[in-house]
Amino acid sequence: MDKRRLFFILLVCKSAVLGVMGYGNGAVTSACSNMVPNHGGSNQTVTSPYSVTRSQNSYKEGDSITVTLQANSNSFKGFLLEARETGGSSNPVGTFTVAGADSKGLSCNGIQNSAVTQTTSSSKSTISATWKAPTSGNLKEIEFRATFVQSKNVFWVAVPSASVAYNGTTSSGSTTPSVNAPAPTSTTTKSPSSSSISVSNDGCGVSKSCFSYPNSCNPATNSDCYFMSSAVFPSSSNSPIQFQMCGRSDGYVSFGFSDDVEMGNDDIYACVLDGNGVVQIQHAYSTGTTKPNTLPLGNVTEIKSSYSNGIICCSFNSSNTISTQRSAGKSLLYYILFAYGPASQGEIQYHPKRPFVSTGKVDLAAAQVANGSSEQPSIIKAHGALMLIAWMTTGSLGMIMARYFKRITTGKKMCGKDFWFLVHVFLMILTVAATIIAFVLAFSSAGNWSGGAHPVLGCIVMILAFVQPAAAFFRCDPTHKLRVVFNTFHALNALVIKIVSVAAIFTGLQLLDSSPNQWLAKVMGGFVGWEFLFYLLQDFHLFYRKKDISETFLNTMRFEVMFLVLYLLGNLMFLIALLVGIGMS
């Protein structure tokens, strides 16, 4: 290959690489700091033919300023616009709202829309954007800077505007870091002084929907009021929802939208204190009782927040789609869950108390007043109590009578039937009746299928509980050759019911128990161990009794009764502990 051909190939490759690095659809985040294009060339040293102007020469927290990029002679194809402290750091200040199809927001340092860049490489003579000042932080004098790209190798870097003086008032309390520093978990804003936000129940049921605990409290006059509201101002079909919330906490307050009254699959907004005592807005999604997953803040604007005398308050507008397990923005009808708890360095921690839950679904776009409760509904507590009694006590005793007392009481009659059989049937009738009642209570409370493992296991228990007595009703005579088939099926079905019912109880206790250590499930684990030990000892004794033909009926009966009483005492201790826990949930 001759040198001329090699030179031509290298020239083509270089042109292709430079073309790829042109970024015609806008600057990339790597240019945020030095504002230098990444497509070759060098900054021009002659006077820029472009200018940056602003609509006002001073600002305070939350102000809006129109910034205009103007071509005085030749047009420009690309640009990058930021606001920065005069003579300060390279971090952008505030956020922008763009107008027109030629520009778009750019995320710098993790802050959405903190810069503006082009969408195409078409020629432009003027670009305008609206800058929004931070609502808090250690604000100072700023200037707007723009990089103008005339062609691939001709550009002017960080052309400044005239300075914009700061004439606001700094938040009371300790000095706070600049709002430009990215939050550890999501895009956030920080709190203004407490006088910059007012949250009250004015307009509840008239112009906005409200949820509070205690019921109908006013956060403006009651420092122990936990409150949230939503209001839609129908200026367009895509109008944002204005949310407000307030509550006493030294860490965070939050509300979530849910399809049911339980935590899990919930869209959450939280006002969180960071390590400097500054309030941040966070957006998250909950998948259960564990720490929720942080989401980008998204289309959230008009943010105001305060922290004063232990009270956290926030106000913001959101155009984000609400996403839960069964819906994604099509409905504005949800249960409201309000939680508060500690925070560590801006990270929300486990909330020790059960969230306040609305008694019904709230229409965020309507004007209604919803009441809340921090307790489990009584009907759900009754459901849990009946299932515990059925499958920890009556069901277990019925199975014990059939397994261990059948052989030693056969021939002992009452009303023409074996004594063990009558006791067994009576206990199992109580068990099935309690299961049916508990099943009906749960579904009447939920109103529909709530999802998760617990209702699936509950339905299996209910079906098998029906099958067991139905099969017993049609059982064949004890001397029939197929009786062994019934006995085997009856025993195996009872074992399956026992296992599934225990699993259903475990999953149900996890839903009821909001304590940090989930102690109800641990108590249930203790009961399972206790019952397993009892069955093990009983089977060992049964095996021993078959070997020892000299053991008298009286001695056997005494042993069985002693074991039964011991088991019943332990059973009642575990049962009472769980019933008390359910009552406290």
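Quick look at the structure, then. (Residues numbered from 1 in each chain as written. Predicted model: local features only at pLDDT ≥ 70, side-chain atom pairs only at ≥ 80, totals over all residues. Heavy atoms only, no water.)

**Some words on the side chain of Thr117**
Within the fold, Thr117 resides in strand S8 (residues 111-118). At 3.0 Å, the side chain of Thr117 forms a polar contact with the backbone oxygen of Phe79. (Helix = DSSP H or I, 4+ residues; strand = E, 2+ residues; numbered from the N terminus. Polar contact = N/O pair within 3.5 Å; in protein donor to acceptor, adjacent residues only side chain to side chain.)

**Here's the deal with empty space enclosed by the protein**
The full count for this structure, using the stated rule, is 2 cavities of 30 Å³ or more. Forming the boundary of the largest cavity are Ile268, Ala270, Gln282, Ala284, Lys291, Pro292, Thr294, Glu347 and Ile348. At the level of secondary structure, the elements contributing two or more residues to the lining of the largest cavity comprise strand S17 (266-273), strand S18 (279-286) and strand S24 (347-348). Class assignment of the residues belonging to the lining of the largest cavity gives a composition of 5 nonpolar, 2 polar and 2 charged. (1 Å grid on protein atoms, 1.4 Å probe; cavity = no way out; pocket = protein on both sides within 12 Å on 5 of 7 lines; lining within 4 Å. Points joined across faces, edges and corners; volume = space filled by probe spheres on them. Nonpolar A, V, L, I, M, F, W, Y, C, P; charged D, E, K, R; others polar.)

**Considerations on unusual backbone geometry**
For the peptide bond that leads from Tyr213 to Pro214, omega is -5 degrees, which places it in the cis range. You can see Pro214 is positioned in the loop between strand S13 (209-213) and strand S14 (226-232). Although it is not a glycine, Met35 adopts a positive phi angle of roughly 60 degrees. Assignment of secondary structure puts Met35 in the loop between helix H1 (3-20) and strand S1 (42-43). We classify Met35 as buried; its relative accessible area is 1%. Of note in the backbone geometry, Ala158 takes a positive phi value of approximately 55 degrees without being a glycine. Its place among the elements puts Ala158 in strand S11 (residues 154-160). (Buried < 20%, exposed > 50% of the residue type's maximum accessible area, 1.4 Å probe, protein only.)

**Focus: helix H2 (residues 378-404)**
Since the α-helix packs 3.6 residues into each turn, any two residues three or four apart lie on the same face. The terminal C-alpha atoms of H2, which comprises 27 residues, lie 37 Å apart, in line with the 39 Å expected from a rise of 1.5 Å per residue. The sharpest bend along H2 comes to roughly 35 degrees, located at Ala390. (Expected span 1.5 Å × (residues − 1). Bend = angle between axes of the 7 residues up to and from the residue.)

**Details of the sheet that holds strand S4 (residues 64-71)**
As summarised here, the arrangement of the 4 strands in space is S2-S4-S9-S6, forming an open sheet in which the pairing is antiparallel. In this open sheet, the two edge strands, each paired with only one partner strand, are strand S2 (50-54) and strand S6 (95-98). Averaged over all adjacent pairs, the angle separating strand axes in this sheet is 25 degrees, with direction ignored. Where S2 lies against S4, 5 bridges are found, and the strand directions are antiparallel. (Pairing = 2+ DSSP bridges. Axes fitted to C-alpha atoms, helices over the stretch in contact; angles between N-to-C directions.)

**Regarding the sheet that holds strand S5 (residues 78-85)**
Two modes of strand pairing occur in sheets, parallel and antiparallel, and in both the strands are linked by backbone hydrogen bonds. Across the sheet, which stays open at both edges, the 6 strands sit in the order S1-S11-S10-S5-S8-S7 with mixed pairing between neighbours. Whereas interior strands pair on both sides, the edge strands pair on one side only; in this sheet they are S1 and strand S7 (103-108). Both S1 and S11 contribute to a ladder of 2 bridges, which runs parallel. Following the sheet pairing, Ser42 is matched in S11 by Val154.

**Observations concerning helix H5 (residues 453-473)**
If you check H5, its first and last C-alpha atoms are 31 Å apart, about what 21 residues at 1.5 Å a residue would give, namely 30 Å. Looking only at H5, the buried set comprises His454, Pro455, Leu457, Gly458, Cys459, Val461, Met462, Leu464, Ala465, Gln468 and Ala472.

**Topic: the packing of aromatic side chains**
Throughout the structure, instances matching the rule amount to 29 aromatic pairs. Relative to Tyr567, the ring of Phe534 lies with its centre 4.5 Å away and its plane at 35 degrees, an arrangement referred to as tilted. With Phe534 in helix H7 (residues 519-547) and Tyr567 in helix H8 (residues 553-584), the pair connects residues that are 33 residues apart, well separated along the chain. In this pair, the class of Phe534 matches that of Tyr567, namely buried. Counting every residue linked through ring pairs, the aromatic cluster contains Phe243, Phe255, Phe257, Tyr269, Phe316 and Tyr334. (Phe/Tyr/Trp six-rings, centres within 6.5 Å; stacked < 30°, edge-to-face > 60°.)

**Focus on the state of the cysteines**
As enumerated under the stated definition, the model contains 5 disulfides in all. Paired through a disulfide, Cys204 and Cys210 show a sulfur-sulfur distance of 1.9 Å. Note on the Cys204 and Cys210 pair: the S-S dihedral is about -85 degrees, so by sign convention the disulfide is left-handed. Classification of Cys210 by relative accessible area gives buried; the value is 3%. Note on cysteine connectivity: Cys217 is disulfide-linked to Cys225, with sulfurs 1.9 Å apart. In this structure, the disulfide formed by Cys217 and Cys225 twists by about 70 degrees around the S-S bond and is classed as right-handed. Each member of the pair Cys217 and Cys225 is classed as buried. Here the disulfide map of the protein reads 1-2, 3-4, 5-6, 7-9, 8-10, the bonded cysteines being numbered as they appear in the sequence. (Disulfide = S-S within 2.5 Å.)

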